[in-house]
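# Structure assessment
Here's the letter readout for the chains.
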Amino acid sequence: LKMSRLKFYLPLHILLATCLCHSIKAPTTSSQQNFKTGLFNFYHSLILADGKETTVHLLKDIPKRYYFVLEESRVLSPFTITVTPCDVPIEWSILVHKASASFSGKETQGDHNTQEVSKSQKAPSMVSTIFNYKGNSVETYMGMSSHAALYMLEFLSTERDTHITVYLTTDTTSGHLYPELPMDPRIDVVGIGHTTVTLTWKHSPSVLQHRESIQYCLLVNEKHNYKSLCAAETAIRSSGMKLPPTLALSLSPYLLEPQQVMILSNSELSIINKASSGEVRQICMGTKNTYTVPALSPSTQYYFDVFVVNLLTNASAAYTGTFARTLEEPAPKVMELKDGKVIQLVLDGKKQKFYSLQYQARHKKIQFTFQLCRGQVQVHITKNGKTVASENLSGLRYFSLKGKLLDTYLVQLRSTEESNSSVKVQVSPHFHKPLFPLLPESLKIKSFSKLRTCNSVTIAWLGTQEESKYCVYKRRIEEDQVWRELQSADRCSGPESRHKSEKVLCKYFYDLNPQRAVTTETIKGLDAGTLYLFDVYLFGPSGIPVRYHSKIVKTRKKC
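Bear in mind the structure is a predicted one, so any value in this text is a computation, not a measurement.

### Brief notes about the sheet that holds strand 25 (residues 365-374)
Either a parallel or an antiparallel arrangement is found when strands of a sheet pair, and the pairing is made through backbone hydrogen bonds. What the four strands build is an open sheet, ordered 23-30-25-28; its pairing is antiparallel. The open sheet is flanked by strand 23 (343-347) and strand 28 (396-402), the only strands paired with a single partner. Taken over all neighbouring pairs, the strand axes of this sheet differ in orientation by 20° on average, direction set aside. Bridge count between strand 23 and strand 30 (residues 421-429): five bridges; the pairing is antiparallel. Bridged to valine 346 within strand 30 is serine 422.

### Quick notes on the packing of aromatic side chains
A full pass over the atoms with the stated rule returns 21 aromatic pairs. Ring geometry for tryptophan 92 versus phenylalanine 131: centroids 4.9 Å apart, planes at 50°, classification tilted. One end of the pair, tryptophan 92, is in strand 5 (residues 90-98); the other, phenylalanine 131, is in strand 8 (residues 126-135), with 39 residues separating them in the sequence. Under the relative-accessibility criterion, tryptophan 92 is labelled buried at 2%. In this structure phenylalanine 131 comes out as buried when scored by relative accessible area, which is 18%. Consider the rings of tryptophan 461 and tyrosine 470, whose centres lie 6.3 Å apart with planes at 50°: the pair is tilted. Judged by its relative accessible area of 2%, tryptophan 461 is buried. Since its relative accessible area comes to 0%, tyrosine 470 is described here as buried. Among the aromatic side chains, those forming a connected cluster through ring pairs are Tyr66, Phe68, Phe79, Trp92, Phe131, Tyr141, Tyr151 and Phe155.

### Structural notes on the pattern of salt bridges
Charged atoms that come close allow side chains of opposite charge to pair. Taken as a whole, this structure holds 14 salt bridges when the rule is applied. In this structure, the salt-bridge partner of lysine 134 is glutamate 91, at a minimum N-O distance of 3.8 Å. With a gap of 43 residues between them, lysine 134 in strand 8 and glutamate 91 in strand 5 connect regions that are remote in the sequence. Residues aspartate 184 and lysine 202 are paired through a salt bridge, measuring 3.5 Å at the closest nitrogen-oxygen approach. A residue pair is termed long-range when its members are at least 10 positions apart, and aspartate 184 in the loop between strand 11 (162-169) and strand 12 (187-192) and lysine 202 in the loop between strand 13 (197-201) and helix 3 (205-209) qualify at 18 residues. The network of salt bridges with common partners includes Arg475, Arg498, Glu502, Asp535 and Arg547.

### Points about the nonpolar core
Phe368, Phe370, Ile381, Leu413 and Val423 are the most contacted members of the largest nonpolar core, which has 24 residues in total. Those elements that provide at least two residues to this core are strand 23, strand 24 (355-360), strand 25, strand 26 (377-383), strand 28, strand 29 (408-415) and strand 30. At four residues, strand 25 tops the list of elements feeding residues into this core. Apart from the residues within four sequence positions on either side, valine 423 is in contact with Ile343, Gln344, Leu345, Leu347, Phe370, Gln371, Leu372, Cys373, Val377, Leu393 and Leu413. Core analysis: the next-biggest nonpolar cluster, separate from the first, contains 23 residues, Trp92, Ala149, Tyr151 and Phe155 among them.

### Considerations on the sheet that holds strand 24
Spatially, 22-24-29-26-27 is the arrangement adopted by the five strands of the open sheet, whose pairing is mixed. The two strands at the open ends of the sheet, each matched to only one other strand, are strand 22 (334-336) and strand 27 (386-392). On average, each strand axis in the sheet is tilted by 20° relative to the strand beside it, whichever way the strands run. Strand direction decides the pairing type here: strand 22 and strand 24, joined by three bridges, are parallel. By the bridge assignment for strand 24, methionine 335 is matched with leucine 357.

### Digging into the side chain of serine 145
Mapped onto the fold, serine 145 is located in strand 9 (residues 139-145). You can call serine 145 buried: its relative accessible area is 5%. In terms of polar contacts, serine 145 uses its side chain to reach the backbone carbonyl oxygen of histidine 147, at 3.2 Å.

### Side note on the state of the cysteines
In the structure shown here, the tally under the stated rule is five disulfides. Through a disulfide, cysteine 471 is tied to cysteine 506; the S-S separation comes to 2.0 Å. Torsion about the S-S bond of the cysteine 471 and cysteine 506 cystine: about 110°, corresponding to right-handed handedness. Residue cysteine 471 is located in strand 33 (residues 468-477), and its partner cysteine 506 is located in strand 34 (residues 503-509); the two are separated by 35 residues in the primary sequence.

About the thresholds
- Residues numbered from 1 in each chain as written.
- Predicted model: local features only at pLDDT ≥ 70, side-chain atom pairs only at ≥ 80, totals over all residues.
- Heavy atoms only, no water.
- Pairing = 2+ DSSP bridges.
- Helix = DSSP H or I, 4+ residues; strand = E, 2+ residues; numbered from the N terminus.
- Axes fitted to C-alpha atoms, helices over the stretch in contact; angles between N-to-C directions.
- Phe/Tyr/Trp six-rings, centres within 6.5 Å; stacked < 30°, edge-to-face > 60°.
- Buried < 20%, exposed > 50% of the residue type's maximum accessible area, 1.4 Å probe, protein only.
- Salt bridge = Lys/Arg side-chain N within 4 Å of Asp/Glu carboxyl O.
- Core = buried A, V, L, I, M, F, W, Y, C linked by side-chain atoms within 4.5 Å.
- Contact = heavy atoms within 4.5 Å.
- Polar contact = N/O pair within 3.5 Å; in protein donor to acceptor, adjacent residues only side chain to side chain.
- Disulfide = S-S within 2.5 Å.

So, in structure tokens, the structure goes:
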């Protein structure tokens, strides 16, 4: 402890004795009576450290007391006490007991000898409450003292168990534990978009003086503003998440919980905490005092809090929080679907927005057909505003729906991955000839390892109960092209996109027994130890092909 003006030995006992002797004369308000009771039990109270932030845990309805003692000084000396509630509002007060002259070490002159003043001559002691507060804001009390005095701090939580931090300092000349806020600590909203909000705030004087050890951190959430960083951390923990170290973030690696996502880019550290109550986003951006928050949801109210953080002490100060509502998303352009017409859509994966198609039924029974060409696509279908189907597409998918004449169907499609996706869509009366051919149970191509040679491979695939045309294509590829070929394959493209030299053969076959509708083909004339990509296309009555899943096979190197 700093001992410049703090004494905890003889002066403390003198002050306590003074208080006990004058307990009858002291004022009898409830707070002062609590104070005297605390003095009787001072051995159960705690000394408040000077120059250090102290965490205090409070149990509901049980007061907790701390004390410190200032000795007499020839000049007025300042001291400050800062209390930060970390959850619910609390009550706290400062009481002071100033010692009488005879018990504070003062001397009187009589017959040129130093004498102790008798009890009958004592000046009355003074017990008074100099400050009290109730709430959850960060409060700082600044006091001046030249008398020897004992100070008692009493804290009480009436809502639930909680914790607070308390900082006492008698040395106001050696810098600040907490970063300083500017004269105007408000956060200004300077720009609002559909998915972004741009904020700016005035620089902290601490940033201008100690740029290397100070940084700004921004907290974004959809519930309310937080008056301190410890209050924000407590709220996030109470939602079921374990928080990483304080947002004074040293940028050193640490393990994140499963509900957290950490993003580090352009010297900015973002931590996204996902909980049932919503998303809490934390961004630390160094000493920049303007920031555009990205990836917000349209037409949503967000609360923004900026904290200036001392990286050396983990202490922080909060700007006055603000809030803003993002703009409503513009109504999507709706494309009309016509009976029997096939359209192909390319869906932007980065924007993750829905593409809308509308259809007004001219028959009671209709069928929507979707062919996934590339990527991953989610489809959502409503009829007169009510959801009738919603799922992620895979391959070829039919939705047969029944309703009334002039029912309005709305189809919404979006890519569920960051890369672009593509899908073909058709709607037609249920009794019309189907657009796509009858499909087998599986569109996989199988290869037989034991039948591989240095210049041939044997593949097989399933057929159907109706006679259809199948065409086989091959292409030689390199080892480093395998992943790209499989990921970028357009499953909607037909043989017209292939070079003529890649065509191997076309054949017709079927079997009324689906268990026996299997065909094999041995492709010869290949090079030894070489990778080949094989594709099979199925053509139905309409002439629109369906592509089987590509198969990569490597011929034997030695035979």
